Amino acid sequence: MTMIDRLAGAPRIGLGLAAVGRPGYINLGRAHDLPADRTVDAMRARVGELLDSAYAAGVRYFDVARSYGRAEEFLAGWLAAHPVGPDVVVGSKWGYTYVGDWRLDAEVHEVKDHGPATFERQAGESRALLGDHLDIYHIHSLTPASPALTDTTLHRRLAELAGEGVAVGFSTSGPSQASVIRAALKVTVGGMPLFRSVQATWNPLEPSAGTALAEAHDAGCLVIVKEAMANGRLAAADGPLAPVAAELGSTPDAVALAAVLRQPWARIVLSGAATTGQLAANLAAESLHLTAAHAEQLSAMAEEPQAYWQTRSSLPWA
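Since the model is a prediction, treat every value here as computed from it, not as a measurement.

1. Considering the overall build of the chain
Scanning the chain from N- to C-terminus turns up 13 helices and 12 strands. With respect to the principal axes defined by its C-alpha atoms, the chain has extents near 50 × 40 × 40 Å. Sorting the 318 residues of the chain into buried and exposed places 55% on the buried side. In the chain, of all internal contacts separated by at least 6 residues, the share reaching a separation of at least 24 is 79%. Carbon together with sulfur atoms contributes 54% to the accessible area of the chain, which is approximately 12,700 Å² in total. Within the chain, one finds 25 positive and 33 negative side-chain charges whose respective centroids are separated by 3 Å.

What follows is the structure, given as structure tokens:
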């Protein structure tokens, strides 16, 4: 049974733990969303609340990464305490190492390395925590300069992981997402495509990867969209989606997610909710109908990719 088959019937919204697996992240509004005392225990409890609510609402895709602080550990603990069926799919990522030492004021929060040694170390760490629950292992944030696009030694090791039953994928970031997706889709091992899952940023402000993501979908990849709310820029009550949300009697975050769900190539769009209230509002996107006129309004909001990613890189960790 493929990952896509296992997710059949589940909401197309998944839950990502990037914002709650560590004390600091770049999403806007975190000062109001999270406990004032962001201890490990407090964040573990918050993750548990979110997972309880998400699972009860039918969410079946959960997304973590080695660099999301203790996100894998928190998810693994929840899975151990809540036996789940085969319809739950867990994706994680390797390639960044969390070095923030659970501090908001850390000068560096994560370090990137896409070499085989980092893969071996982090794959061991992920599997030690998640065990058989690890269904997809993504390379974290492929860019044109990443050696992971051309390192055949790494490719062979990734193919071995796939042969052990863990699907291999990649995530992308930056203004060159489309070219990276197309380059990665050409990578083969033994004549077979290596990557079966693609995770990329797509939202009304940054839709440039859309055509490449459609190509990935047509090639049989699971397509997962991250940062649908542009790290909070599209979730603001007075933000650019507010007029459409008011017209529909909804909220800007739901409109942003509904814009992704309107794309036929998107199988999963991640909610990055930090509270159960945000999660409930996000899940309302499943029943929100955007018309062609709404889609035209949203398409007019697109920024130049370089400008979008410059703005994202300037967001402070909070």
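Now that the structure has been shown, we can carry on.
2. As for the packing of aromatic side chains
Under the criterion given, the structure shown has eight aromatic pairs. When the centroid spacing of 6.4 Å and the interplanar angle of 50 degrees are considered together, the rings of phenylalanine 119 and tyrosine 137 count as tilted. Linking phenylalanine 119 in helix H5 (residues 116-130) with tyrosine 137 in strand S6 (residues 134-142), this pair joins segments that are 18 residues apart in sequence. The same class applies to phenylalanine 119 as to tyrosine 137, namely buried. Members of the aromatic cluster, joined through ring pairs, are Tyr55, Phe62 and Trp78.

3. Quick look at the pairing of strand S3 (residues 89-94)
Here S3 lies mainly inside the structure; six of its six residues are buried. Of the two faces of S3, the one holding Val89, Gly91 and Lys93 and the one holding Val90, Ser92 and Trp94 are both buried throughout. Here three bridges tie strand S2 (residues 61-63) to S3, and the two strands are oriented parallel to one another. Of the residues in S3, the one forming a bridge with phenylalanine 62 is valine 90. For the crossover that starts at S2, traverses helix H4 (residues 71-81) and ends in the parallel S3, the hand is right-handed. In terms of strand pairing, S3 meets S6 through five bridges, oriented parallel. Counterpart to glycine 91 in the pairing with S6 is isoleucine 136.

4. Examining the pattern of salt bridges
Where charged atoms of side chains with opposite charge meet at close range, the side chains can pair. All told, the structure shown has 17 salt bridges when counted by the stated rule. With a shortest N-O distance of 2.8 Å, glutamate 215 and arginine 182 are connected by a salt bridge. Of this pair, glutamate 215 sits in helix H8 (residues 210-218) while arginine 182 sits in helix H7 (residues 177-185); the two residues are 33 residues apart in sequence, bridging distant segments of the chain. Here glutamate 215 falls in the partly exposed class, since its relative accessible area comes to 33%.

5. Examining the sheet that holds strand S10 (residues 197-201)
Spatially, the eight strands close up into a barrel ordered S1-S2-S3-S6-S7-S10-S11-S12, and their pairing is parallel. Strand-to-strand twist in this sheet, taken as the mean axis angle between neighbours without regard to direction, amounts to 30 degrees. Helix H6 (residues 152-163) rests against S3, S6 and strand S7 (167-172) of the sheet, and its axis sits at about 125 degrees to S7.

6. With respect to the packing of H7 against H8
The geometry of H7 relative to H8 is characterised by a closest axis approach of 8 Å and an angle of 20 degrees between their N-to-C directions. With respect to their mutual orientation, H7 and H8 come out roughly parallel. For the pair H7 and H8, the sense of crossing is left-handed. Contacts from Ala178, Ile181, Arg182 and Leu185 of H7 reach H8 at Thr211, Ala212, Leu213, Glu215 and Ala216. Within the contact of H7 with H8, the residues separate by chemical class into six nonpolar, one polar and two charged.

Quick notes on the rules
Residues numbered from 1 in each chain as written. Predicted model: local features only at pLDDT ≥ 70, side-chain atom pairs only at ≥ 80, totals over all residues. Heavy atoms only, no water. Helix = DSSP H or I, 4+ residues; strand = E, 2+ residues; numbered from the N terminus. Buried < 20%, exposed > 50% of the residue type's maximum accessible area, 1.4 Å probe, protein only. Contact = heavy atoms within 4.5 Å. Areas by Shrake-Rupley, 256 points an atom, 1.4 Å probe, with all protein chains shown as cover. Lys, Arg positive; Asp, Glu negative; His and termini not counted. Charge placed at Lys NZ, Arg CZ, Asp CG, Glu CD. Phe/Tyr/Trp six-rings, centres within 6.5 Å; stacked < 30°, edge-to-face > 60°. Pairing = 2+ DSSP bridges. Right-handed = clockwise from strand over helix to strand, strands pointing away. Salt bridge = Lys/Arg side-chain N within 4 Å of Asp/Glu carboxyl O. Axes fitted to C-alpha atoms, helices over the stretch in contact; angles between N-to-C directions. Parallel < 35°, antiparallel > 145°, perpendicular 65-115°, else oblique. Left-handed = near helix turned anticlockwise from the far one by under 90°. Nonpolar A, V, L, I, M, F, W, Y, C, P; charged D, E, K, R; others polar.

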